[in-house]
Amino acid sequence: MGKALPVELRVRVMAALAEGMTRAEAARLFRVGEGTIAGWRRLERERGHLRPKTGTGRTRSWRIEAERDRIFGLLEADPDMPVNALCAALCEHGLIFSHSAMKRFLRRHGVRRRLGRPPGRSRASPAPGAAALQRP
């Protein structure tokens, strides 16, 4: 879900509607959806203001945070372990985390993964078995 649109925009849209502009015209002018405007009208009618709802602040990161020691233990054993191998190793213990959740966890804890070639391979040296595939 995206960020809430600013209250100032909401106020300007409501002012335009109060001056007689139709919802369709206001939607085109302010580049918002007609349904969005209808929601803002309902919000103003029900709550008396146009401030967006606050988020709950609840995330599901507590599941992966509970396994912090196990994850760092696996990384200690193999510092170059790719994210997908880390997820697979945890899956063997019955812990299923998505690739993106693992990447967010590692980023949150300052662990950077190297992108590109595996360690030990330079650009100049061909991949093992590539010599047989090269043309003369």
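Use the structure listed above.
None of these values were measured; they are calculated from a predicted model.

Peer 1: Which parts of the structure should I look at to understand a positive patch on the surface?
Peer 2: Taken together, the side chains of R23, R41, R42, R45, R47, R51 and K53 present a region of like positive charge at the surface. No other element matches helix 3 (residues 34-47), which puts four residues into the positive patch. As for its placement among the helices and strands, K53 is situated in the loop between helix 3 and helix 4 (61-65). Among the residues examined, K53 registers a relative accessible area of 70% and is labelled exposed.

Peer 1: Honestly, the nonpolar core in this entry has me stumped. Any pointers?
Peer 2: Soluble globular proteins: nonpolar side chains tend toward being buried together. The biggest cluster of nonpolar side chains holds 16 residues, and the ones touching the most others in it are I71, L75, L86, L90, M102 and L106. The element contributing the most residues to this core is helix 6 (residues 83-91), with five residues. By size, the runner-up hydrophobic cluster in this structure holds 12 residues, among which are L17, F30, I37 and L50.

Peer 1: Can you walk me through the pattern of salt bridges in this structure?
Peer 2: Two side chains bearing opposite charge may form a pair once their charged atoms approach each other closely. Within this structure, the stated rule accounts for two salt bridges. Salt-bridge contacts for E65 lead to R108; the nearest nitrogen and oxygen are separated by 2.9 Å. Pair noted here: E65 is in helix 4 and R108 is in helix 7 (residues 99-108), with a separation of 43 residues, a long-range link. With relative accessibility at 26%, the residue E65 sits in the partly exposed group. Residue R70 pairs with E67 through a salt bridge whose shortest N-O separation is 3.3 Å.

Peer 1: Looking at this model, I keep getting lost on the environment of A26. Mind explaining?
Peer 2: Checked against the element boundaries, A26 lands in helix 2 (residues 23-30). Residue A26 is classed as buried on the basis of its relative accessible area of 0%. Those residues within four positions of A26 in sequence are excluded, and the remaining contacts are V13, L17, M21, R31 and I37.

Peer 1: Quick question: what am I supposed to make of the packing of aromatic side chains here?
Peer 2: Two numbers describe a pair of aromatic rings. These are the distance of the centres and the angle of the planes. Using the criterion set out here, one finds one aromatic pair in the structure. With a centroid separation of 5.8 Å and an interplanar angle of 45 degrees, the aromatic rings of F72 and F105 are classed as tilted. Taken together, the residues span a long stretch of sequence, with F72 in helix 5 (residues 68-77) and F105 in helix 7 at a distance of 33 residues. Judged by relative accessible area, which is 24%, F72 ranks as partly exposed. Owing to a relative accessible area of 0%, F105 belongs among the buried residues under this scheme.

Scoring rules and cut-offs
Residues numbered from 1 in each chain as written. Predicted model: local features only at pLDDT ≥ 70, side-chain atom pairs only at ≥ 80, totals over all residues. Heavy atoms only, no water. Patch = residues over 30% accessible without salt bridge, like charges linked within 9 Å, V, L, I, M, F, W, Y side chains within 5 Å. Areas by Shrake-Rupley, 256 points an atom, 1.4 Å probe, with all protein chains shown as cover. Salt bridge = Lys/Arg side-chain N within 4 Å of Asp/Glu carboxyl O. Lys, Arg positive; Asp, Glu negative; His and termini not counted. Charge placed at Lys NZ, Arg CZ, Asp CG, Glu CD. Helix = DSSP H or I, 4+ residues; strand = E, 2+ residues; numbered from the N terminus. Buried < 20%, exposed > 50% of the residue type's maximum accessible area, 1.4 Å probe, protein only. Core = buried A, V, L, I, M, F, W, Y, C linked by side-chain atoms within 4.5 Å. Contact = heavy atoms within 4.5 Å. Phe/Tyr/Trp six-rings, centres within 6.5 Å; stacked < 30°, edge-to-face > 60°.

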